[in-house]
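# Structure assessment
Below, each chain spelled out in residue letters.
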Amino acid sequence: MDTALLEQRFNEKIDRDVRIEPKDWMPDHYRKTLIRQISQHAHSEIVGMLPEANWITRAPSLRRKAAALAKVQDEAGHGLYLYSACETLGVERDDLLSDLHSGKAKYSSIFNYPTLSWADMGAIGWLVDGAAIMNQVPLCRASYGPYARAMVRVCKEESFHQRQGYEIMLTLSKGSEVQKKMAQDALNRWWWPSLMMFGPTDAESKHTEQSMRWGIKRFTNDELRQKFVDATVPQADLLGLTIPDKDLKWNEERGHYDFGAINWDEFFNVISGNGPCNKQRLDARNKAWEEGAWVREAANAYAEKKAKRKAA
Amino acid sequence: MNKNWPLWEVFIRSKAGLNHKHVGSLHAADAEMAIQNARDVYTRRNEGVSIWVVESKHITASDPEDADQMYEPAKDKVYRHPTFYNLPDELKHM
Ligand SMILES: [Fe+2]
Ligand SMILES: [Fe+2]
């Protein structure tokens, strides 16, 4: 069959909202875009473990520690679901990882910020996982089957992440003056980077139109960012905390909150490797990979030995 | 020596009485490790009571290009369905 006809069939499927599965014909550009999008997403889950892992041993109670451990373990799981989904497109896991480790691949800019206090665990769960949920829920209907299915699993698990974060913020904001200050300080530092998680403005974002056409993006960056702001402002009010944006106000006419200008220079600076923790994150990943090499080799050697013994 | 762990497909029975269902894949050095990893990756919230793993290379799949000739012939055989047969209304429960 010639490519034009295949492409026409593919587009018809997309229009009818029929999922594309791994062995189906797909345009090369669709495959490449998905590989980039899914692997970036997987890398974000994996690198996303690092800022929080920092606090597991410092959690203020056993209850908090158990939750932090479970959350970080979930993020590892999310990375694994997504790497498997990505591999169905014909790439090798090790190649994806080596792109991450060399710094060639991107991951969410948010994880290049430091976690300075326990309140950051609250702010991350509430805001960062909250923003991730905004992004991920529509992707449960993504046109690529394995990706959509992975997102369904991820979304089911994310809800607890956000709730445990908000609970931390709630406890702190109802606590002593020092605790309340800690919570406000965390909100101050995480608010703007969380808004940046949705990516550049629609005017700036190169891939949006094609990705919407292909059903691998369901809302634009600005639409999602607005949804996030609208959902989060009342939550901050409930905590009695102040969102660090003097331009933030309800716009009756639009039926949405207006908010101030985002510092895009900061965003592009962090994305291109110059955030406060980019180096630390990549070093940690590389160290884990290198120091785990003997484990991967030993497991292979053991498997081979067992297989030989079985054959004998 | 740098050999990647092979890829395994994971099937999970969510509760007794139901089929094992494909849930995704993972890498492991051998079958035993694949089961252990599947437990950690796919059943952190009581999603299963039984796990099957099979190395991905052992799965043979039909070609989506053949879908027409494979499944089309079933479409015009409406007489395989109970509603094809006209029976009087007085006849209840059949
Ligand atoms: Fe996640
Ligand atoms: Fe999460």
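Below you will find a few notes about this structure. (Residues numbered from 1 in each chain as written. Chains lettered and ligands numbered in written order. Predicted model: local features only at pLDDT ≥ 70, side-chain atom pairs only at ≥ 80, totals over all residues. Heavy atoms only, no water.)

## Some remarks on the overall build of chain B
Selection criterion: Numbered from the N terminus, helices here are DSSP runs of H or I no shorter than four residues, and strands are runs of E no shorter than two. Only C-alpha atoms enter the radius of gyration, while the globule expectation follows 2.2 Å times N to the 0.38, with N the number of residues. Buried residues are those whose accessible area, probed at 1.4 Å on protein chains only, stays under 20% of the maximum for their type, while exposed residues exceed 50% and partly exposed ones sit between those limits. The contact criterion used is simple: two residues touch if any of their non-hydrogen atoms lie within 4.5 Å. Areas reported here follow the Shrake-Rupley algorithm with a probe of radius 1.4 Å; residue values treat only the protein chains shown as occluding. Charge convention: Lys and Arg are scored as positive, Asp and Glu as negative, and His as well as the terminal groups of each chain are ignored. To locate a charge, take atom NZ for lysine, CZ for arginine, CG for aspartate or CD for glutamate.
Secondary structure summary: chain B contains two helices and three strands in total. For chain B, the sequential pattern of α-helices and β-strands runs β-β-α-β-α. Computed over its C-alpha atoms, the radius of gyration of chain B comes to 21 Å, more than 25% above the 12 Å expected for a compact globule of 94 residues. Its C-alpha atoms give chain B principal-axis dimensions of roughly 70 × 35 × 15 Å. In chain B, buried positions account for 23% of the 94 residues. Contacts in chain B between residues at least 24 apart in sequence constitute 43% of all its contacts with a sequence separation of at least 6. Carbon and sulfur atoms form 54% of the exposed surface of chain B, whose accessible area is close to 7,200 Å². Between the centroid of the 12 positive side chains of chain B and the centroid of its 14 negative side chains there is a distance of 8 Å.

## Observations concerning the packing of helix 4 (residues 62–87) of chain A against helix 7 (residues 145–173) of chain A
All names here are of chain A. Rules: Throughout, an axis means a line fitted to C-alpha atoms (over the contacting stretch in the case of helices), and angles, computed between N-to-C directions, take values from 0 to 180 degrees. For this classification, under 35 degrees means roughly parallel, over 145 means roughly antiparallel, 65 to 115 means roughly perpendicular, and everything else is oblique. Helix crossings get a hand from a simple test, with the near helix turned counterclockwise from the far one by less than a right angle marking a left-handed crossing and a clockwise turn marking a right-handed one.
One can describe the packing of helix 4 onto helix 7 by two numbers: an axis separation of 10 Å at closest approach and a directional angle of 160°. Accordingly, the angle class assigned to the pair helix 4 and helix 7 is roughly antiparallel. Helix-helix and strand crossings are classified by hand; for helix 4 and helix 7 the assignment is left-handed.

## Quick notes on the pattern of salt bridges
Residue and element names in this part refer to chain A. To keep it simple, the criterion reads: Just to be clear on terms, a salt bridge is a Lys or Arg side-chain nitrogen sitting within 4 Å of an Asp or Glu carboxyl oxygen.
Inspection of the entire model under this criterion finds 31 salt bridges over all chains. Aspartate 247 is the salt-bridge partner of lysine 246, the closest N and O atoms lying 3.9 Å from each other. The class of aspartate 247 is partly exposed, set by a relative accessible area of 38%. Taking the shortest distance from any N to any O, the salt bridge between aspartate 283 and lysine 279 comes out at 2.7 Å. Of this pair, aspartate 283 and lysine 279 both sit in helix 12 (residues 278–291), separated by four residues, roughly a single helical turn. A relative accessible area of 39% means that aspartate 283 is categorised as partly exposed. Among the ionic contacts, a cluster of salt bridges with common partners joins Glu52, Lys71, Glu75 and Asp129.

## Considerations on the coordination of the iron ion (ligand 2)
For a metal bound by four donors in tetrahedral geometry, the ideal donor-metal-donor angle is 109.5 degrees, whereas six donors in octahedral geometry ideally sit at 90 or 180 degrees. Residue and element names in this part refer to chain A. Counted only if it meets this: Each metal site lists N, O and S donors within 2.8 Å (3.2 Å for Na, K and Ca). With water left out of the atoms, a site can look as if it is missing ligands.
Protein coordination at the iron ion (ligand 2) comes from Glu75 (OE), Asp129 (OD), Glu158 (OE), Glu158 (OE) and His161 (ND1), with a distance range of 2.0 to 2.8 Å. All donor residues of the iron ion (ligand 2) come from one chain, and their arrangement in sequence is E-x53-D-x28-E-x2-H. Separating the iron ion (ligand 2) from the iron ion (ligand 1) is a gap of 3.3 Å, bridged by glutamate 75, which donates to each. Here glutamate 75, found in helix 4, pairs with glutamate 158, found in helix 7; they are 83 residues apart in sequence, far enough to count as distant. Each member of the pair, glutamate 75 together with glutamate 158, is buried.

## Here's the deal with the interface of chain B and chain A
Spelled out, the test is: Polar contact criterion, stated in full: a pair of N or O atoms within 3.5 Å, where within protein one must be able to donate a hydrogen and the other to accept it, and residues adjacent in sequence count only if both atoms are side-chain atoms.
On the chain A side, the residues contacting the 24 residues of chain B number 27 residues. Between B:Asp30 and A:Lys306 there is a salt bridge; the shortest N-O distance is 3.1 Å. Across the chain B-chain A interface, the total number found is twelve residue pairs in polar contact (both at pLDDT 80 or more). When residues of the side of chain B that touches chain A are traced back to their parent elements, those giving at least two are strand 2 (20–27) and helix 1 (31–42) of chain B. Examining the composition of the side of chain B that touches chain A, we find that five residues originate from one element, helix 1 of chain B, more than from any other.

## Brief notes about the coordination of the iron ion (ligand 1)
All names here are of chain A. Heads up, the rule is: Angular criteria define each label, namely tetrahedral for four donors with all angles between 85 and 135 degrees, square planar for four and octahedral for six donors with opposite donors over 155 degrees apart and remaining angles between 65 and 115, and irregular for whatever fails these tests.
Protein coordination at the iron ion (ligand 1) comes from Glu45 (OE), Glu75 (OE), His78 (ND1) and Glu158 (OE), with a distance range of 2.1 to 2.2 Å. Around the iron ion (ligand 1) sit four donor atoms; with metal-centred angles ranging over 83 to 157°, the donor geometry is irregular. Expressed as a motif, the donor residue spacing for the iron ion (ligand 1) is E-x29-E-x2-H-x79-E.

## A look at empty space enclosed by the protein
All names here are of chain A. Going by this rule: With a 1 Å grid spanning the protein atoms alone, the term cavity applies to any set of points in which a 1.4 Å probe fits but cannot get out, the term pocket to an open set with protein on both sides within 12 Å along at least five of seven lines, and the term lining residue to any residue with an atom within 4 Å of a point. Grid points are joined across faces, edges and corners, and a volume is the space filled by probe spheres set on the points. Three categories are distinguished: nonpolar for Ala, Val, Leu, Ile, Met, Phe, Trp, Tyr, Cys and Pro, charged for Asp, Glu, Lys and Arg, and polar for the others, with Gly belonging to the last.
Inspection of every chain in the model, using the stated rule, returns one cavity of 30 Å³ or more. Looking at the lining of the largest cavity, the element that brings in the most residues is helix 4, giving three residues. Class assignment for the residues of the lining of the largest cavity results in five nonpolar, one polar and two charged.

## Thoughts on helix 10 (residues 221–239) of chain A
Residues and elements named next belong to chain A. Rules: Each helix should span, by expectation, one fewer than its residue count multiplied by 1.5 Å. Fitting axes to the seven residues ending at a residue and to the seven starting there, one defines the bend at that residue as the angle between these axes.
If you check helix 10, its first and last C-alpha atoms are 27 Å apart, about what 19 residues at 1.5 Å a residue would give, namely 27 Å. Maximum bend of helix 10: about 25°, positioned at threonine 232, with proline proline 234 one to four residues after it. Where the residues of helix 10 are buried, they touch helix 6 (119–136), helix 7, helix 8 (177–196), strand 2 (256–258) and helix 11 (264–274). Directly beyond the C-terminal end of helix 10, a positive phi value near 75° is found at glycine 240.

## Digging into the sheet that holds strand 3 (residues 50–55) of chain B
Residue and element names in this part refer to chain B. To keep it simple, the criterion reads: The rule for pairing is simple: two strands pair if DSSP sees at least two bridges between them.
Across the sheet, which stays open at both edges, the three strands sit in the order 2-1-3 with antiparallel pairing between neighbours. Of all the strands in the sheet, just strand 2 and strand 3 have a single pairing partner and so form its edges. Going from strand to strand, the sheet's axes swing by 25° on average, the running direction of each strand aside. Strand direction decides the pairing type here: strand 1 (residues 7–13) and strand 3, joined by six bridges, are antiparallel. The residue bridging valine 10 from the neighbouring strand is valine 53, located in strand 3.

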